[in-house]
Amino acid sequence: MIRKLQLSLQTLNLIVGFMVWVIISALLPFIREDIQIPAEKLAMVTAIPVVLGSILRIPLGYYANILGARIIFSASFILLLFPVFYISVASSYMDLVIGGLFLGIGGAVFSVGVTSLPKYYPKEKLGLVNGIYGIGNIGTAITTFSAPLIATQIGWSMTVKLYLVLLLIFAGLNIFLGDKQETKVTTPIIEQMKAVYKNDKLWFLSIFYFITFGSFVAFTVYLPNFLVSHFELEKVDAGIRTAGFIAVATFLRPIGGWLADKLKPLFLLMGVFMGLTFAGIVLAFSPSIGLYTVGSLTIAMCAGLGNGIIFKLVPLYLNKQAGIANGIVSMMGGLGGFFPPLMLAMIYSITGQYSIGFMALSQVSFASFVLVVWLYYHEKLALSSEVFRSTGQGILVTDVNGRIHAVNPAFTQLTGYSEQEILGQNPSVLQSGKQAQAFYEEMWKDITQQGSWQGEIWNRRKSGEEYLELITINVVKDATGEVIRYVGTFSDITFQRSGA
């Protein structure tokens, strides 16, 4: 029963963590009425919680494997009590920076669930499961929408104090309902780091999540104040619109994971990054509120789908090091939310507009699209190479002049010739001399006319031993019909013939 509760409990945990994570950005218009914050430092105040929330994802993901989600979630909520209370009594810009830094723990708990939950489900459901867990992102929308409404009634300081009650409740829920029997992984962190840091797929996924989750976080912390200052919307209206952005991105996340379970994830990612490219271009032209809404919602849809797709791929590519890999990938996503608000603020202070920043988003997204295309075709080539090297039949590939271009391990095992010895040679080095020249002339006549030939040939191993092989030779042509390769596949049938 406890195991069945984990998806629901951990999703609620993430909601609470993300609710706390964005307290400052959601209430900043109210906080500025009591605390003087220089205009050039506004972006820093909203972005600073992302720093620790990103960096801590690596150790929290790792220790979720070592200690279990129950302990990590409980400890995180207890630790969050201190910065939340500190912010509620803040009286200066520096108080907000210090308290906001440690609010990052709320964002860091993301890596706990994506490490823990895959232990309870088969691989074919991981996209949907991680997508459902990702609905916890809605916590940012809940705070962004509700905190300003509550603050208009009781003030921002008391609104922040309400979160202390929520944290205590969920610390207790995890202590009593968390899974004490969760499977633990005790591989030292250094060994896990060594196992993953050379894996190029880890860094590709980190880049992709940097863009998708980073754009989600960036718009979450950037929109409330931007809509008030740029479009002169009411604070509550800005909060509602930002909450709508968050809700769209959040509820599309499990759909992205579910689609990745059913379809080709990399194809889906291509669509995601093309959508982000389009949205960045739209926003770069400083449109009216209507077109700005279209661009923002496009980013919400693509970011939500992309977040779900990527966390289908992480446990598929890096299952044995899931804790540290989830931490690294999710850390990069968090950092992706830290830099854009700062970059936009700097660009605005220099140029008086945000166009260059949004155009940069479109260009980075297009570059990511190109990387996904490359990764897709690289995987196809890797698969072909794996099949080539693992098949039990001997395979040799020659160019049009008959020079051997490639052989597989089975070829070496059957003939005794190593790859280094045989490459560049003509297959005639294998001939035993038992077949007359007329036999080979007839064989090549069939290959030329029909494009393939199959038959039995006596050949000689490197050791001098003769053996009978059943061989198939096929012609490979390019798009123009020109012959570019010959591929031979063969098996040793000497024993079969002698047995008969």
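Remember, predicted model here, so these are calculated numbers, not experimental data.

Caption draft 1: Geometry of helix α3 (residues 42-55). Taken as a whole, α3 carries its principal kink of about 30° at I48; the proline P49 stands between one and four residues after it. Taking burial as the measure, the 14 residues of α3 include 12 buried ones, the bulk of the element. Within the span of α3, buried status applies to L42, A43, V45, T46, A47, I48, P49, V50, V51, L52, G53 and S54.

Caption draft 2: Summary view of the sheet that holds strand β1 (residues 394-398). With respect to topology, five strands assemble into an open sheet ordered β2-β1-β5-β4-β3, the strand pairing being antiparallel. Both edges of this open sheet fall to β2 (404-407) and β3 (452-460), since each of them pairs with a single strand only. Averaged over all pairs of adjacent strands, the angle between strand axes in this sheet comes to 25°, irrespective of strand direction. Strands β3, β4 (466-477) and β5 (483-492) of the sheet are contacted by helix α20 (residues 437-450), whose axis makes an angle of about 150° with β3.

Caption draft 3: Structural context of the environment of V248. Along the chain, V248 falls in helix α13 (residues 235-262). By relative accessible area, which is 28% here, V248 ends up partly exposed. Distance in space between the C-alpha atoms of V248 and A303 is 9.4 Å, their sequence separation being 55 residues. When sequence neighbours within four positions are dropped, the list of residues in contact with V248 reads L297, A300 and M301.

Caption draft 4: Spotlight on the confidence of the model for the protein chain. In this model, the protein chain carries an average pLDDT of 86, and 95% of its residues clear a pLDDT of 70 or more. Averaged pLDDT values for the elements of the protein chain fall to 65 in helix α11 (residues 189-196) and rise to 96 in helix α5 (residues 69-88).

Caption draft 5: Molecular detail of the pattern of salt bridges. Counted by the stated rule, this structure contains 10 salt bridges. Between E466 and R460 there is a salt bridge, and its shortest N-O distance comes to 3.6 Å. For E466, a relative accessible area of 27% corresponds to the partly exposed category. Connected through salt bridges with shared partners, the residues K434, R460 and E466 form a single ionic network.

Definitions and limits used
- For every chain, the first residue of the written sequence is number 1, and numbering continues from 1 along that sequence.
- Only residues with pLDDT of at least 70 are given local features in this predicted model, and only at 80 or more are side-chain atom pairs given and counted; all residues enter the totals for whole chains, interfaces and linings.
- In computing side-chain properties, one takes all heavy atoms of the structure into account and sets aside hydrogens as well as water.
- One axis fitted to the seven residues ending at a residue, another fitted to the seven starting there: the angle between these axes is the bend at that residue.
- The way it works is that DSSP assigns letters per residue, a run of H or I at least four long becomes a helix, a run of E at least two long becomes a strand, and they are numbered from the N terminus.
- Burial here depends on accessible area, computed with a 1.4 Å probe over protein chains only, as a share of the maximum for the residue type. Under 20% is buried, over 50% is exposed, and the range in between is partly exposed.
- Pairing between two strands requires that DSSP report at least two bridges joining them.
- Fitting a line to C-alpha atoms yields each axis, with helices limited to the stretch in contact; the angle taken between N-to-C directions then spans 0 to 180 degrees.
- Only heavy atoms matter for contacts: two residues are in contact if any of them lie within 4.5 Å across the pair.
- One number per residue, pLDDT, summarises how confident the predictor is, and it ranges from 0 to 100.
- The salt bridge criterion pairs a side-chain nitrogen of Lys or Arg with a carboxyl oxygen of Asp or Glu, the two atoms within 4 Å.

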